[in-house]
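Coordinate inspection notes
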Amino acid sequence: MGKLRLGVNIDHVATVRNARGSAYPDPLRAAKLAEEAGADGITAHLREDRRHISDADIDGLMAALSVPLNLEMAATPEMQAIALRHRPHAVCLVPEKREERTTEGGLDVARDETRLADFIAPLREAGCRVSLFIGADPAQVEASARIGAAVVELHTGAYCDFHAEGRLAARDEELERLRDMAALAHSLGLEVHAGHGLTYDTVQPVAAFPEVVELNIGHFLIGEAIFRGLVPAIAEMRRLMDTARG
Ligand code: PXP
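Treat the numbers as computed from the prediction; the structure is a model and nothing was measured.

1. A closer look at the overall build of the chain
- If you tally the helices and strands in the chain, you get eleven helices and eight strands.
- Compactness check: the chain gives a C-alpha radius of gyration of 17 Å against a globular reference of 18 Å for 246 residues, within 12% of the reference.
- Along the three orthogonal principal directions, the C-alpha set of the chain runs to about 45 × 40 × 35 Å.
- Across the 246 residues that make up the chain, the buried fraction comes to 51%.
- Carbon and sulfur atoms form 52% of the exposed surface of the chain, whose accessible area is close to 10,900 Å².
- Once the 27 positive and 38 negative side-chain charges of the chain are each reduced to a mean point, those two points are 3 Å apart.

Here it is in structure tokens:
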């Protein structure tokens, strides 16, 4: 099995900053520390309401990072224009609802196939690796392959929620679905990533899927950094991922 990449999502450094309208804590400083700690990439979600990451944060990340930036965004004309201006290494399309606290489900690629195919074409031409954030559903995996996405990111939120709620049979069923979808996506030529809600307790079974090459993890790491510091928090995640990989 190849090495598993870790993308560290720094959105919630910006959440803390924005809670007071201050200039700190600085997401860019967090991103540079994450690089030092062994992150293979930085992920940031520029939401339409700018509730955490700002346009200036994206400018700063593009200028200062030495690892690739994975820009998460909704499939809107405004976001497409921003991505085409910056041309980040990767663009991950996510569904966005204003009233949600976090990205609750995956994209409905199967229902929105024609629009999404048109949407991603210029991003692909601009050299961005386009990733689609989807639930563990074969219809979504197959539609993602048909429209020419390079990557699918499998939504691990339900698996992590079941774990946290102690619903272990449901958790294991969802893990099985994720495993099957990783295999299906890989067989269709898609690169497979996973993320959302992963913690030290839930990361290893997903990290052990041979087809998964990248995990994107944020909220838990930023929270854990309060107690052990950002570099040790990331280093421990890295260690768990590497151990699971064997
Ligand atoms: N991957 C995607 C596509 C996401 O939208 C998010 C949350 O922004 C994550 C990964 C990271 O999730 P978490 O912050 O729960 O680790």
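Text resumes after the structure shown.
2. Concerning the sheet that holds strand β1 (residues 5-9)
- Within the closed barrel, the eight strands sit side by side as β1-β2-β3-β4-β5-β6-β7-β8. Their pairing is parallel. Across this sheet, the average inter-strand angle for adjacent strands is 25°, counted without regard to direction.
- When strand β7 (residues 191-195) meets strand β8 (residues 212-217), the two strands line up parallel, connected through four bridges. Residue valine 192 lies in a different strand from β8, and its bridge partner there is valine 212.

3. Things to note about the site of the ligand
- Taken together, the neighbourhood of the ligand is formed by 14 residues, with Glu72, Glu153, Gly197, Gly218 and His219 sitting nearest.
- Glutamate 72 has a polar side-chain atom sitting 2.9 Å from an oxygen atom of the ligand.
- Histidine 219 is positioned such that a nitrogen or oxygen atom in its backbone is 2.8 Å from an oxygen atom of the ligand.
- The fraction of the free accessible surface of the ligand (400 Å²) that becomes covered by protein chains is 96%.
- When the residues that make up the shell around the ligand are grouped by side-chain class, the tally is four nonpolar, seven polar and three charged.

4. With respect to the UniProt feature "binding site: 3-amino-2-oxopropyl phosphate" (unreviewed entry) in the chain
- Sites flagged by UniProt as "binding site: 3-amino-2-oxopropyl phosphate" (unreviewed entry) map to Asn9, Arg20, Gly197, Gly218 and His219. The greatest C-alpha distance among the annotated residues, which extend across 211 residues, is 24.9 Å, indicating that they are dispersed rather than converging on a single site.
- The topology assignment puts glycine 197 in the loop between β7 and α9 (203-207).
- Sequence-distant contacts of glycine 197, that is, excluding residues within four places in its chain, are made with Cys160 and Thr202.
- Tracing the sequence through the fold places glycine 218 in the loop between β8 and α10 (219-228).
- Judged by relative accessible area, which is 11%, glycine 218 ranks as buried.

5. Topic: the pairing of strand β5 (residues 129-134)
- With five of six residues buried, β5 lies mostly within the body of the structure.
- With four bridges joining them, strand β4 (residues 90-93) and β5 adopt parallel strand pairing. What sits directly across from valine 91, in β5, is valine 130.
- As paired strands, β5 and strand β6 (residues 151-155) are joined by four bridges and run parallel to one another. When the bridges of β6 are listed, leucine 132 appears paired with valine 152.

6. What about the environment of arginine 5?
- Position of arginine 5 relative to the elements: it lies in strand β1.
- Judged by its relative accessible area of 32%, arginine 5 is partly exposed.
- With sequence-adjacent residues up to four places away left out, arginine 5 is seen in contact with Asp40, Glu191, His193, Val213, Glu214, Leu215, Arg238 and Met241.
- Looking at arginine 5, its side chain comes within polar contact range of the side chain of glutamate 191, at 2.9 Å.

The rules behind the values
Per chain, the residues get numbers from 1 upward, laid out in the order the sequence is written. In view of the model being predicted, local features appear only for residues whose pLDDT reaches at least 70, and side-chain atom pairs are presented and counted only at 80 or more, with totals across whole chains, interfaces and linings using the full set of residues. Excluded from the side-chain calculation are hydrogens and water; included are all heavy atoms of the structure. The way it works is that DSSP assigns letters per residue, a run of H or I at least four long becomes a helix, a run of E at least two long becomes a strand, and they are numbered from the N terminus. Each radius of gyration is computed over the set of C-alpha atoms, and the globule rule expresses the reference value as 2.2 Å times the number of residues to the power 0.38. When accessible area is computed with a 1.4 Å probe and restricted to protein chains, residues below 20% of their type maximum are described as buried, those above 50% as exposed, and intermediate ones as partly exposed. Here, Shrake-Rupley sampling with a 1.4 Å probe gives the accessible areas, and only protein chains in the shown set may cover a residue. Charged-residue counts in this description rest on Lys and Arg as positive and Asp and Glu as negative, His and the chain ends being excluded. By convention, the charge on Lys lies at NZ, on Arg at CZ, on Asp at CG and on Glu at CD. By this definition, two strands are paired if DSSP reports at least two bridges between them. The angle between two axes is taken between their N-to-C directions and runs from 0 to 180 degrees, where each axis is a line fitted to C-alpha atoms and a helix contributes only its stretch in contact. Throughout, the term near means that a residue has one or more heavy atoms lying within 4 Å of the molecule or strand in question. The definition of a polar contact used here is a pair of N or O atoms within 3.5 Å, where within protein one atom must be able to donate a hydrogen and the other to accept one, and adjacent residues in sequence count solely through side-chain atom pairs. Residue polarity is assigned by list, with Asp, Glu, Lys and Arg as charged and Ala, Val, Leu, Ile, Met, Phe, Trp, Tyr, Cys and Pro as nonpolar; anything else, Gly included, falls into the polar class. UniProt positions are given in the numbering used here, feature names are shortened, and annotations may be inferred rather than shown by experiment. The contact definition used throughout considers only heavy atoms, calling two residues in contact when any of these lie within 4.5 Å.

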